[in-house]
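Each chain, letter by letter, is given below.
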Amino acid sequence: MRFPEGFVWGAATAAYQIEGAPDVDGRGPSIWDTFSHTPGRVVNGDTGDVAADHYRRYRDDVALMAEMGLPAYRFSVSWPRIQPGGKGPANQAGLDHYARLVDELLAKNITPVLTLYHWDLPQELEDSGGWGARDTAARFAEYAELVGARLGDRVPSWTTLNEPWCAAFLGYASGEHAPGKTDPALSLRAAHHLLLAHGLGTQALRGVLPSTAQLSITLNLAAVLPAATSPGATNAVRRIDGLANRLFLDPLLAGHYPVDVRQDTARLTDWSFVLPEDLPVISTPIDFLGINYYSPTLVDVGPGNDGPSPWPACENVVFVQPPGATTAMGWAIDAQGLRNVVHRVHEQYRPIPLMITENGAAFDDELGVDGVRDDERIAYLRDHLTVVREAISAGVDLRGYFVWSLLDNFEWAFGYEKRFGIVHVDYRTQKRVWKDSAHWYRQVIRTNGW
Ligand code: IFM
């Protein structure tokens, strides 16, 4: 298995999941500080206060990346480090930190791939309405401009948002993520304002970045499949596909919202938060689309539960556990879902280069005297990379792949219980130990395949 010359190999992380140091260098509180410190929100009461202590240990972590031969590193900037309250002038100490990180990466020939928003909204902005407020999109554009102006000469690839579906629907509909709201109508507003933030942010970045800069957004696209051959199951697929995929892909790549999703959710909202001028902004051209993929989604018609759900107006949809092996998250392992997702975007939307910005798996790793035997993770990565290679052969313009994650980290509502890293982190000592998958990945990078 050999990948094309120039295929980008990388690993990904996110600020709140690894950095720790919540009150260092003038950082303000984010919604994830508030949420994780609220009893009952995160397994074991875990918080990101220390995490993998990467804010302090970034030099060692970059050295580890270099040892692994990583050509690219995808990380996120913590908005409340740059604007502690989400608005106003930049906090220079926060910008300095990311400038040092970027310099360290470049010194080791590792290309920085920077995400501006991986869910850590400054708490003050949430207090003024969060993503439910249109103004938050304008604030995001200002923040993007500040970071772009400072790091644009050194960072070639930029991503506005990571997984706006999660930010909108886990954050404002099911309440599983910060800020923990359970208001389906508000979640649809939030989705729109996140997309608007992406569009305004892209325009702001274009104004300050060199013309060679590559701009993108990352979506967690779902491979939605019917659990039965019935009209009800077909309709369930349409509804979930609408909210998971088309609600984002259509405005971004085709300049309109899906009519059926607007109709399905009409009893919750009249969508008057969408102004006529918004869609041209949201569909501002980007240079590549980031796709995060983990597991397929199987649905059928049936009595869903009445509790908070991340799927507005989908009470008659049930989620069915696909047969076969799962990861420690309980997520079915099926690389064919990745094939489904990349081909769908390639075939149904305007031609756009794609990048797999996250793919990986949590398993119940055990640290032994000689490291971590994680054959299941290696098999997972190999199967998904095989699909990537086959998609490229079939003509899909797929430019790179980032493993999630470089390090074990704070897995949101699951705290430190779930380990996605290819490098093990002992949270008591902060010692990093390469899992077998890290050794394997180094070899894959070296030989551009296996
Ligand atoms: O850890 C997350 C990441 O922050 C966003 N994508 C999915 C990962 C695994 O759940």
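Draft legend 1. The site of the ligand, seen in detail. Around the ligand, a shell composed of Gln 17, His 118, Trp 119, Asn 162, Glu 163, Tyr 294, Trp 331, Glu 358, Trp 404, Glu 411, Trp 412 and Phe 420 is seen. For the ligand, an oxygen atom lies 3.3 Å from a polar atom in the side chain of Trp 404. In the complex, 95% of the free accessible area of the ligand, which totals 280 Å², lies under the protein chains. Taken together, the residues of the shell around the ligand sort by class into six nonpolar, three polar and three charged.

Draft legend 2. Quick look at the side chain of Asp 408. Along the chain, Asp 408 falls in the loop between β13 (398-404) and β14 (423-426). Only 3.2 Å separates the side chain of Asp 408 from the backbone nitrogen of Val 425, close enough to count as a polar contact. One polar contact links Asp 408 to Lys 435, side chain to side chain, over a distance of 2.8 Å. With sequence-adjacent residues up to four places away left out, Asp 408 is seen in contact with Ala 52, Arg 419, Phe 420, Gly 421, Val 423, His 424, Val 425, Tyr 427 and Lys 435.

Draft legend 3. Expanded view of the sheet that holds strand β8 (residues 297-301). The mixed open sheet is built from three strands, whose spatial order is β6-β8-β9. Looking along the sheet, the strands with just one partner apiece sit at the ends: β6 (224-226) and β9 (317-320). Adjacent strand axes in the sheet meet at a mean angle of 40° when their direction is disregarded. Examined bridge by bridge, β8 and β9 share four bridges and lie antiparallel to one another. Note on β9: the bridge partner recorded for Asp 300 is Val 318. In this fold helix α10 (residues 231-254) packs onto β6, β8 and β9, with an angle of close to 130° to the strand it touches most, β8.

Draft legend 4. View of the sheet that holds strand β3 (residues 111-117). The sheet built from eight strands closes into a barrel, its strands ordered β1-β2-β3-β4-β5-β7-β10-β13 with parallel pairing. Mean inter-strand twist for the sheet, computed between neighbouring axes without regard to direction, equals 25°. Here β3 runs beside strand β4 (residues 157-162); their pairing, made up of four bridges, is parallel. Residue Tyr 117 lies in a different strand from β4, and its bridge partner there is Leu 161. Sitting on the sheet, α10 is in contact with β5 (214-219) and β7 (288-292), with an inclination near 160° to β5. Packing of helix α15 (residues 436-447) onto the sheet brings it into contact with β1 (8-12) and β13, and relative to β1 it is tilted by some 155°.

Draft legend 5. Here's a closer look at the environment of Val 369. Relative to the helices and strands, Val 369 resides in the loop between β11 (367-368) and β12 (371-372). With relative accessibility at 91%, the residue Val 369 sits in the exposed group. Note: C-alpha distance between Val 369 and Ala 138 (231 residues apart in sequence) is 51 Å.

Draft legend 6. How the structure looks around the packing of aromatic side chains. Scanning the entire structure with this criterion turns up 31 aromatic pairs. Ring centres of Trp 79 and Tyr 117 lie 6.2 Å apart, and the angle between their planes is 85°; on these two criteria the pair is classed as edge-to-face. Note that Trp 79 is positioned in helix α4 (residues 79-82) and Tyr 117 in strand β3, a separation of 38 residues in sequence. The same class applies to Trp 79 as to Tyr 117, namely buried. Aromatic ring contacts, followed pair by pair, group Tyr 16, Trp 32, Phe 35, Trp 119, Phe 410, Trp 412, Tyr 416 and Tyr 427 into a single cluster. Over the ring of Phe 3 we find Arg 389, and its NZ or CZ is 6.0 Å from the ring centre.

So, how was this worked out
- Residues numbered from 1 in each chain as written.
- Predicted model: local features only at pLDDT ≥ 70, side-chain atom pairs only at ≥ 80, totals over all residues.
- Heavy atoms only, no water.
- Near = heavy atom within 4 Å.
- Polar contact = N/O pair within 3.5 Å; in protein donor to acceptor, adjacent residues only side chain to side chain.
- Areas by Shrake-Rupley, 256 points an atom, 1.4 Å probe, with all protein chains shown as cover.
- Nonpolar A, V, L, I, M, F, W, Y, C, P; charged D, E, K, R; others polar.
- Helix = DSSP H or I, 4+ residues; strand = E, 2+ residues; numbered from the N terminus.
- Contact = heavy atoms within 4.5 Å.
- Pairing = 2+ DSSP bridges.
- Axes fitted to C-alpha atoms, helices over the stretch in contact; angles between N-to-C directions.
- Buried < 20%, exposed > 50% of the residue type's maximum accessible area, 1.4 Å probe, protein only.
- Phe/Tyr/Trp six-rings, centres within 6.5 Å; stacked < 30°, edge-to-face > 60°.
- Lys NZ or Arg CZ within 6 Å of the ring centre and 35° of its normal.

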